[in-house]
Amino acid sequence: MKKISFLFLALLLIACAPVKPALSVSETNAFPVKGRQGLLINQKLKFGDYKTSSVKRSWTRSGNTRVDLISGQVADPSYPNLVAMDYADSEQSFYFSLSDPFGNAADVYAVSEFHAEDLQIGDNPNSVINILEDIFGGSGFSENLFYLQVFLNDEVKPWQLLLDNHAAQITPEDYSGFFALTEEKFYALQPITHINGKKGVEKIIAGSIGYEIFNSKGESVAAVSLIDNGEVYLHTDDPSERLLLSSLCAALLLQEDIAQQDL
C-alpha cells in the first residue's frame, strides 16, 4: 500500500482559507505559480520572470543531457555521477530547463524516493554532498530522499540538493536540507511550520508547507510554498542567484506533483 503524503495530511488540518507561510523576513514578494495543476503532459511552470521548458518525466538513457547516459559514462571527470542514471526508467525522475529574460538558463535533473543505502552520491565519498551530510548530520530517517543537480548556463559543475522528505514532515523544526556547490557555497532549506493566520503567526498542527532558503551567512534569500498552485518568494536582487533559487523552487514544486500522484 502506498504511503500517504505527510504534507497532504498536514494540509487537511489547515483551514480552507488561503494559507500564507510565515517567513523570517518582514517584506516578501510572492510570485504565484502557473502550470502546476491540471494535466502533466508537456507541463510547464511559470512564476514571475521565470518559466520552465516542458518537464520531461521518467527520462531515459537518451536525449540532451549533461552526461552521456547511453554509454553510462560521465562526459567530464569533474561531474559527480548522477544518481538518476540508476533511476533513468523510474517514474520518480524528471528533467527541465529554466530561463530568465536575460538569456540565462539552468538545466535541472532530479530523482526522488530513493533510500538511505543510496545516500553516497556518486563514487566519491569526498564529494560536496557527502561532506556536507557529514557536517550537518543525517536525520535518522532517510526513507524518502530527493536529489537534484542544477547546472547554470555552461558551467560544468552542478549545484546539488539532498533533501529528506520524511524528516521534513516528521521533525520539521529539527531538520534542514542543503543545496551546495562547494563546502563554502551552500544554502540551507528550513521546513516552514508557521503560517500568517487570522490571529497573527500560527503554528500548523503537523508537518510543513514548504521551505525557506537561507544562504551560508544565515540570511533568508528565498522561499517556496507548496500549497495549492504554489508560490515562490525571492529576497535577492542578484540575477544569477535568482535564477539558481528559482530552479530549486521549481524542482521542489514538481516533486510535490509526483508525491500527489502516489496518493
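Up top you'll find the structure we're talking about.
Student: What's the story with the side chain of E212 in this structure? I'm lost.
Tutor: When you line up the elements, E212 lands in strand β13 (residues 210-214). With no salt bridge to any partner, buried E212 finds its closest opposite charge in R242, at an N-O distance of 14 Å. Here the side chain of E212 touches S220 through a polar contact of 2.7 Å, side chain to side chain. Residues contacting E212, with those up to four places away along its chain left out, are L23, S24, V25, A188, L189, Q190, I192, S220, A222 and A223.

Student: When you look at the pairing of strand β14 (residues 220-225) in this model, what are you seeing that I'm missing?
Tutor: For a regular strand, side-chain orientation follows a simple rule: the groups alternate between the two sheet faces. Counting buried positions over the six residues of β14 gives six, a clear majority of the element. Pairing geometry for β13 and β14, over five bridges, is antiparallel. Within β14, the position partnered with Y211 by the bridge is V224. A loop of five residues connects β13 with β14, the two strands running antiparallel in sequence, and G218 in this loop sits at a positive phi of about 85°. With four bridges joining them, β14 and strand β15 (residues 231-234) adopt antiparallel strand pairing. Bridge pairing in β15 places V224 opposite V232. The hairpin turn running from β14 into β15, its antiparallel successor, is five residues long, and D228 in that turn takes a positive phi close to 55°.

Student: Before we go on, may I ask you to explain the packing of aromatic side chains in this structure?
Tutor: Two aromatic rings are characterised by how far apart their centres lie and by the angle between their planes. What the rule picks out here adds up to eight aromatic pairs. On the numbers, 6.3 Å between centres and 10° between planes, the contact of F94 with F96 is stacked. For the residue pair F94 and F96, the accessibility class agrees, reading buried in each case. With a centroid separation of 5.5 Å and 40° between ring planes, the pair formed by W159 and Y187 is classed as tilted. Of this pair, W159 sits in strand β8 (residues 159-164) while Y187 sits in strand β10 (residues 186-191); the two residues are 28 residues apart in sequence, bridging distant segments of the chain. According to the relative accessible area criterion, Y187 is buried, its value standing at 7%.

Conventions used here
Residues numbered from 1 in each chain as written. Predicted model: local features only at pLDDT ≥ 70, side-chain atom pairs only at ≥ 80, totals over all residues. Heavy atoms only, no water. Helix = DSSP H or I, 4+ residues; strand = E, 2+ residues; numbered from the N terminus. Buried < 20%, exposed > 50% of the residue type's maximum accessible area, 1.4 Å probe, protein only. Lys, Arg positive; Asp, Glu negative; His and termini not counted. Salt bridge = Lys/Arg side-chain N within 4 Å of Asp/Glu carboxyl O. Polar contact = N/O pair within 3.5 Å; in protein donor to acceptor, adjacent residues only side chain to side chain. Contact = heavy atoms within 4.5 Å. Pairing = 2+ DSSP bridges. Phe/Tyr/Trp six-rings, centres within 6.5 Å; stacked < 30°, edge-to-face > 60°.

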